[in-house]
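Geometric and topological summary
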Protein chains: 2
Amino acid sequence: MHMKEVSGARCTTRTLRDRLEELVLTGAFAPGARLEETALAERFGVSRTPVREALAQLGEAGLVVIRPRRGAVVAALTPRRLIEMFEVMAELEAMCARHAARRAGGRSLAAIRRTHELCASAARTGDVDAYYYENEAFHEAIRAASRQDFLVEQAGALQRRLRAHRRHQLRARDRIAASLAEHDAIVAAIEAADGEAAAAAMRGHVAVQGARFADMLAALDPDAAAEAAVSDAAV
Amino acid sequence: MHMKEVSGARCTTRTLRDRLEELVLTGAFAPGARLEETALAERFGVSRTPVREALAQLGEAGLVVIRPRRGAVVAALTPRRLIEMFEVMAELEAMCARHAARRAGGRSLAAIRRTHELCASAARTGDVDAYYYENEAFHEAIRAASRQDFLVEQAGALQRRLRAHRRHQLRARDRIAASLAEHDAIVAAIEAADGEAAAAAMRGHVAVQGARFADMLAALDPDAAAEAAVSDAAV
DNA sequence: GTCAATCATTCTGTATGCAGAAGTCCAAAA
DNA sequence: TTTTGGACTTCTGCATACAGAATGATTGAC
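Rules used throughout
Residues numbered from 1 in each chain as written. Chains lettered and ligands numbered in written order. Predicted model: local features only at pLDDT ≥ 70, side-chain atom pairs only at ≥ 80, totals over all residues. Heavy atoms only, no water. Helix = DSSP H or I, 4+ residues; strand = E, 2+ residues; numbered from the N terminus. Buried < 20%, exposed > 50% of the residue type's maximum accessible area, 1.4 Å probe, protein only. Contact = heavy atoms within 4.5 Å. Areas by Shrake-Rupley, 256 points an atom, 1.4 Å probe, with all protein chains shown as cover. Salt bridge = Lys/Arg side-chain N within 4 Å of Asp/Glu carboxyl O. Polar contact = N/O pair within 3.5 Å; in protein donor to acceptor, adjacent residues only side chain to side chain. Nonpolar A, V, L, I, M, F, W, Y, C, P; charged D, E, K, R; others polar. Pairing = 2+ DSSP bridges. Least-squares fit on C-alpha atoms with pLDDT ≥ 70 in both. Axes fitted to C-alpha atoms, helices over the stretch in contact; angles between N-to-C directions. 1 Å grid on protein atoms, 1.4 Å probe; cavity = no way out; pocket = protein on both sides within 12 Å on 5 of 7 lines; lining within 4 Å. Points joined across faces, edges and corners; volume = space filled by probe spheres on them. pLDDT = per-residue confidence, 0-100. Parallel < 35°, antiparallel > 145°, perpendicular 65-115°, else oblique. Left-handed = near helix turned anticlockwise from the far one by under 90°. Core = buried A, V, L, I, M, F, W, Y, C linked by side-chain atoms within 4.5 Å. Near = heavy atom within 4 Å.

The number of helices and strands found in chain A is 10 helices and three strands. Taken from N to C terminus, the helices and strands of chain A fall in the order α-β-α-α-β-β-α-α-α-α-α-α-α. Counting across all 235 residues of chain A, residues that qualify as buried make up 49%. Taking the intrachain contacts of chain A between residues at least 6 apart in sequence as the baseline, contacts between residues at least 24 apart amount to 73%. If you sum the accessible surface of chain A, you get close to 11,400 Å²; carbon and sulfur atoms cover 53% of it.

To continue, consider the interface of chain A and chain B. Each side of the interface is counted separately: chain A has 33 residues, and chain B has 33 residues. The interface formed by chain A and chain B holds five salt bridges in total. Between E60 of chain B and R17 of chain A there is a salt bridge whose closest N-O contact spans 3.8 Å. Where chain A touches chain B, the interface holds 14 residue pairs in polar contact (both at pLDDT 80 or more). When grouped by side-chain class, the residues that make up the side of chain A that touches chain B number 11 nonpolar, six polar and 16 charged.

On any regular strand, side chains alternate: one points to one face of the sheet, the next to the other face. Residue and element names in this part refer to chain A. Sheet topology note: the strand β1 (residues 34-35)/strand β3 (residues 71-74) ladder contains two bridges and is antiparallel. Looking at β3, one finds that L35 is bridged to A72. Looking at chain direction, strand β2 (residues 64-67) and β3 are connected through four bridges and run antiparallel. Residue V65 lies in a different strand from β3, and its bridge partner there is V73. Taking the residues between adjacent antiparallel strands as the criterion, β2 and β3 are bridged by three residues, where R69 takes a positive phi near 65 degrees.

As a further point, take the relation of the copies chain A and chain B. Placing chain A over chain B gives an RMSD of 0.2 Å and needs a rotation angle of 180 degrees, together with 0.2 Å of translation along the axis. Taken together, the rotation angle and the small translation identify this as a two-fold axis. Considering only C-alpha atoms, the part of chain A nearest the rotation axis is E60 of chain A, at 3.2 Å. By residue overlap, the copies meet face to face through one surface: 100% of the interface positions of chain A are interface positions in chain B.

Our next topic: the sheet that holds strand β2 (residues 64-67) of chain B. All names here are of chain B. Pairing within the open sheet is antiparallel, and its three strands lie in the order β1-β3-β2. Strand pairing shows two members of the sheet lacking a second neighbour, β1 (34-35) and β2, which therefore form its edges. The strands touched by helix α3 (residues 48-61) within the sheet are β1, β2 and β3 (71-74), with β2 carrying the most contacts at an inclination of about 110 degrees.

So, on to the sheet that holds β2 of chain A. Taking strand neighbours across the sheet as the criterion, the three strands line up as β1-β3-β2 (chain A) in an open arrangement whose pairing is antiparallel. Because the sheet does not close on itself, it has two edges, and the strands there are β1 and β2 of chain A.

Quick look at empty space enclosed by the protein now. The full count for this structure, using the stated rule, is two cavities of 30 Å³ or more. As a volume, the largest cavity reaches approximately 80 Å³. A total of five residues in the lining of the largest cavity trace back to one element, the largest contributor, which is helix α7 (residues 149-169) of chain B. Its residues placed into classes, the lining of the largest cavity shows two nonpolar, six polar and five charged. In this model, the second largest cavity occupies a volume close to 70 Å³. Along the walls of the second largest cavity sit Y132, N135, E136, H139, Q159, R163, R166, R167, Q169, L170 and Q209 of chain A, which together make up its complete lining. When residues of the lining of the second largest cavity are traced back to their parent elements, those giving at least two are α6 (128-145) and α7 (149-169) of chain A.

It is worth spelling out the side chain of H183 of chain B at this point. Residues and elements named next belong to chain B. The topology assignment puts H183 in helix α8 (residues 175-191). The class for H183 is buried, based on a relative accessible area of 0%. When sequence neighbours within four positions are dropped, the list of residues in contact with H183 reads H116, C119, Y131, N135, F138, H139 and H205.

A separate point is unusual backbone geometry. Residue and element names in this part refer to chain A. Although it is not a glycine, A193 adopts a positive phi angle of roughly 60 degrees. Summarising the element assignment, A193 is placed in the loop between α8 (175-191) and α9 (195-220). Residue classification places A193 among the partly exposed positions, given a relative accessible area of 47%.

Here we come to the confidence of the model for chain A. Residues and elements named next belong to chain A. Per-residue pLDDT for chain A averages 83, and the proportion of residues at 70 or more is 87%. The element-level mean pLDDT for chain A is lowest in helix α10 (residues 222-229), coming to 49, with α8 highest at 95. Counted against residues more than four places away or in other chains, residues 1-9, with its pLDDT under 50, gives 10 contacts. Low pLDDT, under 50, characterises residues 225-235; the stretch is placed with 15 contacts to residues that sit more than four places away or in other chains.

It is worth spelling out the packing of helix α1 (residues 13-25) of chain A against helix α3 (residues 48-61) of chain A at this point. Residue and element names in this part refer to chain A. At a minimum axis separation of 9 Å, α1 and α3 run at an interaxial angle of 55 degrees. Relative to α3, the element α1 is oriented oblique. Seen along the crossing, α1 lies across α3 with a hand that is right-handed. Two secondary-structure elements touch here, α1 through T13, L16, R17, L20 and E21 and α3 through P50, V51, E53, A54, L55, Q57 and L58.

Formed by 80 residues in total, the largest nonpolar core has its most connected members in I142 and I190 of chain A together with I142 and I190 of chain B. Residues L20, L23, V64 and V74 of chain A belong to the second largest nonpolar core, which totals 21 residues.

Around DNA strand D, the structure places 17 residues, and the nearest of them are R69 of chain A together with T12, T13, S47 and R70 of chain B. Among the atoms of DNA strand D lying within 4 Å of the protein, the sugar-phosphate backbone contributes 66%. Contacts to DNA strand D include T12 of chain B, whose side-chain N or O atom sits 2.4 Å from a phosphate oxygen. At a separation of 2.6 Å, a phosphate oxygen of DNA strand D approaches a polar side-chain atom of S47 of chain B. Looking at the surface near DNA strand D element by element, the count peaks at three residues for α3 of chain B.

See the structure below:
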């Protein structure tokens, strides 16, 4: 039985949604764990109504699976599914980069260059956490530069779901240096207004994260990695 | 004041969500129209609780906009946003086609060919509605053949949001014949296992729908079309 | 006559209660 | 010992009630 949360401010549906999202994404709630409304309501000091609403929203976002009359459980991301998500993410971000290259104005370009510089600084000092945040800002800047509202929303939603996993693979050896070099190529293509080059560079940049992730799984869990590898060979 | 819905079976959250989705997508609820919980609860003979839940889900799906303390309104799709949505859809379906070309097995290929034949039949008889449905089945078959569960889900969700608008543009002159020819190219590329060709063909096929839509808007509403045209020129 | 402030109405957000369904556990029989 | 049946517990899903906020109208002042 969990203790009632004493820290944290007033809990309403919106904040509750964010808190739960954080707990799921950080892995505080393990995949497959049951999320009981009563327990959560007790823990956060609210009634079941806002808990239900928050869970429903997380369900729509795909973080939890809600089966009618059978409760909510944290969505179990299979390695294969995660790789598929990275693949879609790569394509969405490639679209953003393509549009950014074709349409980025002075302000947008400046924002991209600035975040890129911050990434470089973090890379020089070897600060993984700092690089993680600046990397997020860099991608965000490119997405914003695309000026495609709907695309930005879609990419942002998927980004939030992958955030926790992106962080992990940054810790791989030499990954930060490689990432920064890829950022360089992306920025160059955008500055050259070469949409296709920017898209290709971005696609590769994100896709390699999925590949890295598969490698990591291979080191941790041969079975899961084997199942994931099937994804490229099946039928 | 609306009459209470007498038709239709038992209304639970799930069915209510589908009913409301249908009403929004078909335009029965005009964009910008307020969706009052009490009125909907009365109309469908349920309490406000399931109505709230259904609206929240539609909000996550993007069909309605929920502003805290200010109620829910049907999302107003600007022409520009709709075109952006078609653009993303084109990319997602292109991904599906690429994977389908590389991985489609005998069963999947047979399903694609069969739905393609049904499209051809509908085109010969000039039955727009029939072509609409068979066209949906054709795209669905290709998505399924990609064997990418997450991608299929994402594409499916977007497809539902665009469904009503896809139907309209089929009525344009000669559009069905052109559509069928494009289907031919897509099928040929998939059968040849040429992923890039399949992706390119599919991307063009879907993208032209967005373009057609812009044309239609130009005929109906010069202002809106002008705003939409800006989307390709802006900074 | 116009603008602003206040009040009333309405609607949202949350709490609680109840009925029905699903899961679980135990016991009895094969 | 294993399997199946049933009862019990628990949890979900919906209905209803209440408090707070937002919107609109009305009235008063300038």
